[in-house]
Amino acid sequence: MSIASNAITTNGTSQKMTKSQFKTYLTLILISLYCMVPFIWVVLASVDPKASQFLKIPESVSMDHYWNLFANQSGLRWILNSIVINVSATIIALVFAGFGGYAISRTKAWWKLPLLYAIILVRIVPPPALIVPVYKVMLTLNDWVNALINAVFTDVATQQTMSRAFSFVDGYLGLILILAAMQLPLAIWIMKTFFDAIPIDYEESAAIDGATQWQTVRKVLIPLAMPGFAAAGLFAFINAWGDFLMPLMFTSSPELQTLPLGLFRAFLRVDAIDYGFLTALAVIYTLPAVIAFSFARKFLTQTFSGGVKG
Amino acid sequence: MQLTYERRKQLTYRFMMTPALLLMFIFIVFPAFYAFSLSLTNEALLGFAAKESSFVGLSNFERLFADPLFWNSLKVTLLFVIGSAVIGQFLLGFLSAVLLLRPIRFKAMFNAMICLPNAVPEMVVGFLWISMYASGEYGTLNRIVAWFGVDPQQWLYSFPLMAIIIVNTWRGVAFAMILLTSGLSSIPKDIYEAARVDGASDRQIFWRITIPMLMPTIFLYMFVSTVTTFAIFGLVYTLSRGGPANSTEILGIYIYNQSFTAFQLGYGASVAVVSLVVSMLIGVFYVRMFKVEV
């Protein structure tokens with residue numbers, strides 16, 4: 001910044017402004033391209049009858065891959081399995097986190113602080129570190145459940161159906177419960193922060209006005225905590241939906257496969273990869289997560305800033 | 001009367017806490033402790049030890065610390081975390097946050113495009129990038145570098161670690177951007193005005209005001225992104241499964257390979273113990289250091 005820069009005319013200054021603006025736009029465009037190119041491929045390939053591994057403009061556009069997905073037994077099955085398992089896991093996590101978050105927000109007992117710190121630590125346990133012990137826990141629970149089923153039901157067909165539903169290894173219940181458990185620390189934390197923001201006076205005045213406990217919960221607490229439930233539910237759903245490790249470990253039979261595993265195994269068949277099918281499936285699999293994320297975005301900072309004191 | 005009411009309330013709270021605690025205990029806390037005890041046995045899925053495992057003391061750890069593959073895995077994990085979470089995501093996220101706070105057009109569009117990768121399931125991330133990294137002259141990345149006169153490469157074979165770092169950076173830019181944007185916008189504007197009046201240059205304002213005021217957010221970001229990157233599994237597993245030649249075998253993959261490919265559960269558990277201890281240390285450090293408000 002010497003004499004030269006002082007001598008710049010109005011025109012010069014505005015040119016300099018454009019230059020910095022140009023740099024801003026150029027940088028943002030480059031970052032956006034980096035973010036977008038893989039999506040351009042997957043979307044174009046999913047509507048290209050001659051889909052391949054390479055990015056190219058389709059010569060013709062058709063939705064056939066998507067229709068095939070729903071006509072194709074396994075594709076539809078994976079989608080339904082994913083929905084059933086992840087929605088159940090999200091609901092369980094939400095209900096448990098709703099109770100837990102409320103209790104930990106309202107209590108003044110000695111266990112409040114230790115529990116909050118413990119939840120932070122539980123939240124950062126890396127799931128891959130748990131695979132061996134969790135696998136053994138699941139095997140044990142599986143034995144118990146199946147022994148119970150065999151004791152209660154005598155009919156073999158019923159035994160098999162019940163076993164499919166309630167088994168911990170290669171069954172629905174185990175996957176649902178473990179996915180729910182993994183989402184709980186964050187969900188409890190979110191619910192706790194939202195309940196903290198609801199003054200206890202609201203509940204007390206409702207009680208004084210003669211509302212029953214259930215009425216207070218339904219008419220006062222749940223409506224006020226709705227944004228909390230939305231945030232906790234969205235994050236639980238996104239994380240469970242995207243999880244790959246748990247289905248990889250605990251599903252083997254084809255009827256039980258969910259989207260991530262189905263996609264992964266279909267992709268491993270190196271001899272005959274059907275890129276049209278895979279890309280359409282990937283788009284369908286990604287869509288719910290993107291929609292959920294677009295709603296969850298505004299909660300992101302709230303949930304992670306577990307309150308940092310400067 | 002008052003006392004019994006209080007007491008009943010406390011009991012209700014405990015009761016409400018129970019289902020969540022039970023679920024977390026069965027599937028997270030108990031397994032974490034169980035990993036410690038398993039790591040002291042020669043538990044295996046095949047062979048003699050599968051029938052009857054026995055207590056072997058610290059011999060898994062002796063073997064672990066003498067195992068070059070373990071040290072390799074630790075090194076790869078460290079480089080992966082530093083390369084993607086600490087450097088890649090942070091720099092690009094910070095840059096995007098700063099640029100998007102300027103008065104520019106298409107703000108919402110840029111924002112949406114940068115956020116999109118963050119929402120994608122791990123498995124799809126791997127699938128998308130295998131296509132980007134496809135070898136041969138039609139591979140997308142090869143066609144891009146061809147403009148700069150670079151010959152087609154086999155990215156996942158020649159630069160495997162760099163390749164997974166680029167993928168994870170891609171995925172996490174949005175998280176850094178969102179967090180840092182909120183940090184940047186919470187810095188009071190009058191501080192900047194006061195500094196300008198005092199004649200501070202842009203550079204001085206950036207280093208003396210923006211960065212120090214942003215420090216708590218930066219630390220929060222570093223903590224969250226370090227522990228999440230440390231726990232990554234699916235993304236690398238779908239891209240490279242730890243290969244070629246263990247060059248991308250981050251700890252999660254190493255545990256999986258030792259336990260379910262080599263069937264050595266006890267040994268796998270000892271790696272898991274190391275991984276648990278490291279993440280707990282990071283967690284305790286963070287909680288103590290920054291007095292997390294609970």
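Within every chain, residues take consecutive numbers counted from 1 along the sequence as written. Whichever chain is written first becomes A and whichever ligand is written first becomes 1, with later ones labelled in order. Owing to the predicted nature of the model, reporting of local features is limited to residues with pLDDT of at least 70; listing and counting of side-chain atom pairs is limited to 80 or more, with chain, interface and lining totals taken over all residues.

1. Section: the overall build of chain B
Move 1: A tally of regular secondary structure across chain B gives 14 helices and 0 strands.
Move 2: Helix and strand definitions here come from DSSP, where helices need a minimum of 4 consecutive H or I residues and strands a minimum of 2 consecutive E residues; each element is numbered from the N-terminal end. Along chain B, from the amino end to the carboxyl end, the secondary structure elements read α-α-α-α-α-α-α-α-α-α-α-α-α-α.
Move 3: What you see for chain B is a C-alpha radius of gyration of 24 Å, clearly larger than the 19 Å of a compact globule of 294 residues, by over 25%.
Move 4: Its C-alpha atoms put chain B at 80 × 75 × 30 Å along the principal axes.
Move 5: Per-residue burial for chain B yields a buried fraction of 44% across its 294 residues.
Move 6: Considering only residue pairs separated by 6 or more positions, chain B has 69% of its internal contacts joining residues 24 or more positions apart. Based on C-alpha atoms, the radius of gyration is set beside the globule rule, defined as 2.2 Å times the residue count to the power 0.38. A residue is called partly exposed when the number of other C-beta atoms within 10 Å of its own lies between 12 and 20, exposed at 12 or fewer, and buried at 20 or more, with C-beta atoms placed from the backbone. In this description, a residue-residue contact is defined by the distance between C-beta atoms placed from the backbone, which must lie within 7 Å.

2. Here's the deal with the nonpolar core
Residues and elements named next belong to chain A.
Move 1: Core analysis: the biggest nonpolar cluster contains 163 residues, and L184 and A187 have the highest contact counts within it.
Move 2: Ranked by the residues each element gives to this core, the list is headed by helix 8 (residues 172-196), at 17 residues.
Move 3: Residues within four places of A187 in sequence aside, it is in contact with A93, L94, A97, A232 and A236. What we call a nonpolar core is a set of buried Ala, Val, Leu, Ile, Met, Phe, Trp, Tyr and Cys residues whose membership is set by joining through C-beta atoms within 7 Å.

3. Observations concerning the packing of helix 13 (residues 251-261) of chain B against helix 14 (residues 265-289) of chain B
All names here are of chain B.
Move 1: Between helix 13 and helix 14, whose axes approach to 8 Å, the crossing angle comes to 165 degrees. Comparing the axis directions of helix 13 and helix 14 gives the class roughly antiparallel. Where helix 13 crosses over helix 14, the handedness of that crossing is left-handed. Taking contact as the criterion, the partners of L251, Y254, I255, Q258 and S259 in helix 13 are, on helix 14, L265, Y267, G268, V271, A272 and S275. For helices, the axis comes from a line fit to the C-alpha atoms of the stretch in contact; other axes are also lines fit to C-alpha atoms, and the angle between any two N-to-C directions lies between 0 and 180 degrees. Oblique is the label for every angle not falling under 35 degrees (roughly parallel), over 145 degrees (roughly antiparallel), or within 65 to 115 degrees (roughly perpendicular). Note on convention: the crossing is left-handed when the near helix lies turned anticlockwise from the far helix by less than a right angle, right-handed when the turn is clockwise.

4. Observations concerning the confidence of the model for chain B
Any residue range with low pLDDT should be treated as having predicted coordinates unsuitable for detailed reading.
Move 1: Per residue, pLDDT captures the predictor's confidence, and it can take any value from 0 to 100. Confidence in the prediction of chain B, expressed as mean pLDDT, is 88, and 95% of residues score 70 or more.
Move 2: For this predicted complex, the interface confidence reaches an ipTM of 0.88, while the overall pTM sits at 0.88.

5. Describing the interface of chain B and chain A
Move 1: Tallying the contact residues gives 80 residues for chain B and 76 residues for chain A.
Move 2: Per element, the largest residue contribution to the side of chain B that touches chain A is 18 residues, and it comes from helix 1 (residues 2-38) of chain B.

6. Brief notes about unusual backbone geometry
Residues and elements named next belong to chain B.
Move 1: Phi is positive for F106, which is not a glycine, with a value near 60 degrees.
Move 2: Mapped onto the secondary structure, F106 falls in the loop between helix 4 (68-100) and helix 5 (107-115).
Move 3: Judged by the 13 C-beta atoms lying within 10 Å of it, F106 is partly exposed.

7. What to know about helix 4 of chain B
Move 1: Under the convention used throughout, the expected extent of a helix is 1.5 Å for every residue step, that is, one less than its residue count. With 33 residues, helix 4 of chain B extends 45 Å between its outermost C-alpha atoms, agreeing within 8% with the 48 Å of an ideal straight helix rising 1.5 Å per residue.
Move 2: Fitting one axis to the seven residues ending at a residue and another to the seven starting there, the bend at that residue is the angle between the two axes. If you look at helix 4 of chain B, its biggest bend is around 30 degrees, right at F90 of chain B.

8. Topic: the environment of A292 of chain A
All names here are of chain A.
Move 1: Residue position: A292 is located in helix 13 (residues 275-296).
Move 2: A tally of 19 C-beta atoms within 10 Å means that A292 is categorised as partly exposed.
Move 3: Along the primary structure A292 and A230 are separated by 62 residues, whereas in three dimensions their C-alpha atoms are 10.0 Å apart.
Move 4: Discounting chain neighbours no more than four positions away, the residues touching A292 are L234, F237 and I238.

9. Examining the environment of M63 of chain A
Move 1: Considering the arrangement of structural elements, one finds M63 of chain A in the loop between helix 2 (10-46) and helix 3 (64-71).
Move 2: C-alpha separation for the pair M63 of chain A and G276 of chain A, spaced 213 residues apart in sequence, amounts to 9.9 Å.

10. Looking at the environment of F260 of chain B
Move 1: Looking at the secondary structure, you find F260 of chain B in helix 13.
Move 2: Spatially, the C-alpha atom of F260 of chain B lies 9.5 Å from that of A44 of chain B, the residues being 216 residues apart in sequence.

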